[in-house]
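Letter by letter, the chains look like this.
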Amino acid sequence: ILTSVVANLRDFSELDELHRKLEQQQLVNEAYQRELTRLTRQLPSDVVACSREMLQIFETVEAISQVDSTVLITGESGVGKEVVVNRICSTSNRSQMPFIKINCGAIPAALFESELFGYEEGAFTGARKKGKAGFFEMANGGTLFLDEIGELNLDLQVKLLRVIQEEELTRIGGTHSTKVDVRIIAATNRDLWELTQKEKFRQDLYYRLNVISLEIPPLRKRRDDILPLAMHFVEKYNQKFGKQKTISLELGRMLRSLDWPGNIRELENLIENLVVLVQDTNILKPSHLPARYRAWRTQGSGVTVHGVLPLRVALTQTEEQLLRNAKARLGSTRAIAAALEINQSTVVRKLNALASEPEKAD
């Protein structure tokens, strides 16, 4: 005869909900991993990009490489603008056609027009007998990369604008026009829009160049790339110099924490320096760094106050010192604004105010 019943009741609804959320999260993680794998698989071996910012840029590069639109690439010096340009050209439908690179800041203004547009026989004293084709004609059907476009003077900007608009040019000393089919990619480490406001860069040329814009973030804004880049450079210079250097965990952490005002170029130079000069061990450590890097690290990011002074005075002095340090290390107002997380116009106004006052003695 059944005399009693023992029942053990448990509410599994909360457990089921947690299990469901866990499965959803796993699906999201798997999708993210697949996308990350897809993006990195598309990159060649000489391109190092692990940060979300750079992976998104190279995904955009894959899209714009299939069209002929003009591209303007901006970013601080040494961030890898030319690597992005090379990737656009190598994956475009013009990849088998000429690819001409010009540094607008390296060619004297007096020679730039003849180099860009070419000249006819007898156009000027010293001209070749049969004349010479310019960069535009040499790049016909392919791509013309105008590096440091912000250094181009206003007179040449007018002539460049005409060729881009009309897709034809006239050689110096010539009487007839020649049609050219050239894709333009321009790059600069300067703020072109700021230059247009100062009337140092033509606004109509700016809009012609800024059809598709890519801004490459500085290394301090994509710290996930620092260690992979450092390891890439160690391997590069190990092979070049017959070394077997490796980066210690402590050095890796320190490299990741530095600001790198010179960006990738500075990081590469430092790694080459370490690979060549460290002789007593194959393990690169923080103690092997040049003194200035160790000093940056030990300075820290905090503010130390000695003594007592009015709060208003302390805030003013701290702001002045911060602005002077940022200007010395970063240079451009855009880089300073990004590092201090304030508007560029605010940086310009405050630096102008500092410049109008004599620097206080320590």
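Here's what I pulled together on the structure shown here. What you see is a predicted model; the values in this text were computed from it and never measured.

Focus on the nonpolar core
Turning to step 1, where the next piece is worked out: Core analysis: the biggest nonpolar cluster contains 30 residues, and Leu116, Phe136, Leu144, Leu146, Ile149 and Leu160 have the highest contact counts within it.
Turning to step 2, where the next piece is worked out: When contributions to this core are tallied by element, the ones reaching two or more residues are strand 2 (99-103), helix 4 (109-117), helix 5 (135-138), strand 5 (143-147), helix 6 (154-166), strand 8 (183-188), helix 7 (192-197) and helix 8 (203-209).
Turning to step 3, where the next piece is worked out: Looking at this core, the element that brings in the most residues is helix 6, giving five residues.
Turning to step 4, where the next piece is worked out: Contact partners of leucine 160, with chain neighbours within four places excluded, come to Leu116, Phe117, Phe136, Leu146, Ile149, Leu152 and Leu205.

A closer look at a nonpolar patch on the surface
Turning to step 1, where the next piece is worked out: A contiguous nonpolar patch, built from Phe241, Val276 and Leu277 and spanning about 250 Å² of accessible area, is present on the exposed surface.
Turning to step 2, where the next piece is worked out: With respect to the element layout, phenylalanine 241 can be found in helix 9 (residues 226-241).

Looking at the pairing of strand 2
Turning to step 1, where the next piece is worked out: Of the two faces of strand 2, the one lined by Ile100 and Ile102 is fully buried and the one lined by Phe99, Lys101 and Asn103 carries no buried residue.
Turning to step 2, where the next piece is worked out: As paired strands, strand 2 and strand 5 are joined by five bridges and run parallel to one another. Across the sheet, residue lysine 101 finds its bridge partner in strand 5, namely phenylalanine 145.

Structural notes on the packing of helix 4 against helix 6
Turning to step 1, where the next piece is worked out: Relative to each other, helix 4 and helix 6 sit at 10°, their axes nearing to 11 Å. When the axis of helix 4 is compared with that of helix 6, the two are roughly parallel. Residues Ala109, Phe112, Glu113, Leu116 and Phe117 of helix 4 touch helix 6, and the partners they reach there are Leu156, Lys159, Leu160 and Val163.
Turning to step 2, where the next piece is worked out: Of the residues belonging to the contact of helix 4 with helix 6, the class tally is seven nonpolar, no polar and two charged.

A word on the packing of aromatic side chains
Turning to step 1, where the next piece is worked out: Summed over the entire model, instances satisfying the criterion amount to six aromatic pairs.
Turning to step 2, where the next piece is worked out: Seen from their ring centres, tryptophan 193 and tyrosine 206 are 5.6 Å apart, and the 50° between their planes marks the pair as tilted. In this pair, tryptophan 193 sits in helix 7 while tyrosine 206 sits in helix 8, placing the two residues 13 residues apart along the sequence.
Turning to step 3, where the next piece is worked out: Each ring, one from tryptophan 260 and one from tyrosine 293, has its centre 5.8 Å from the other, and the planes form 40°; the classification is tilted. Taken together, the residues tryptophan 260 in the loop between helix 10 (249-257) and helix 11 (263-277) and tyrosine 293 in helix 12 (residues 291-299) connect sequence positions 33 residues apart.
Turning to step 4, where the next piece is worked out: Three or more aromatic residues joined by ring pairs form one cluster here, namely Trp193, Tyr206 and Tyr207.

As for helix 9
Turning to step 1, where the next piece is worked out: For helix 9, spanning 16 residues, the distance from its first C-alpha to its last is 22 Å, which sits close to the expected 22 Å at 1.5 Å a residue.
Turning to step 2, where the next piece is worked out: Taken together, the buried positions of helix 9 are occupied by Ile226, Leu229, Ala230, Phe233, Val234, Tyr237 and Asn238.
Turning to step 3, where the next piece is worked out: Here the buried face of helix 9 lies against strand 10 (246-247), helix 10, helix 11 and strand 11 (283-284).
Turning to step 4, where the next piece is worked out: Of the residues flanking the end of helix 9, it is glycine 242, one or two places downstream, whose phi is positive at about 70°.

Observations concerning the sheet that holds strand 9 (residues 212-215)
Turning to step 1, where the next piece is worked out: Spatial ordering of the open sheet is given by 2-5-8-1-9, a layout of five strands whose pairing is parallel. Of all strands in the sheet, those bounded by a partner on one side alone are strand 2 and strand 9. Taken over all neighbouring pairs, the strand axes of this sheet differ in orientation by 15° on average, direction set aside.

Looking at the packing of helix 2 (residues 52-64) against helix 3 (residues 81-90)
Turning to step 1, where the next piece is worked out: Where helix 2 meets helix 3, the axes come as close as 9 Å, and the angle between the chain directions of the two elements is 35°. Viewed along their axes, helix 2 and helix 3 form a crossing whose handedness is right-handed. In this structure, helix 2 contributes Phe58, Val61, Glu62 and Ile64 to the contact, and helix 3 contributes Val83, Val84, Arg87 and Ile88.
Turning to step 2, where the next piece is worked out: Here the residues of the contact of helix 2 with helix 3 sort into six nonpolar, no polar and two charged.

The rules we used
- Residues numbered from 1 in each chain as written.
- Predicted model: local features only at pLDDT ≥ 70, side-chain atom pairs only at ≥ 80, totals over all residues.
- Heavy atoms only, no water.
- Core = buried A, V, L, I, M, F, W, Y, C linked by side-chain atoms within 4.5 Å.
- Buried < 20%, exposed > 50% of the residue type's maximum accessible area, 1.4 Å probe, protein only.
- Helix = DSSP H or I, 4+ residues; strand = E, 2+ residues; numbered from the N terminus.
- Contact = heavy atoms within 4.5 Å.
- Patch = residues over 30% accessible without salt bridge, like charges linked within 9 Å, V, L, I, M, F, W, Y side chains within 5 Å.
- Areas by Shrake-Rupley, 256 points an atom, 1.4 Å probe, with all protein chains shown as cover.
- Salt bridge = Lys/Arg side-chain N within 4 Å of Asp/Glu carboxyl O.
- Pairing = 2+ DSSP bridges.
- Axes fitted to C-alpha atoms, helices over the stretch in contact; angles between N-to-C directions.
- Parallel < 35°, antiparallel > 145°, perpendicular 65-115°, else oblique.
- Nonpolar A, V, L, I, M, F, W, Y, C, P; charged D, E, K, R; others polar.
- Phe/Tyr/Trp six-rings, centres within 6.5 Å; stacked < 30°, edge-to-face > 60°.
- Expected span 1.5 Å × (residues − 1).
- Left-handed = near helix turned anticlockwise from the far one by under 90°.

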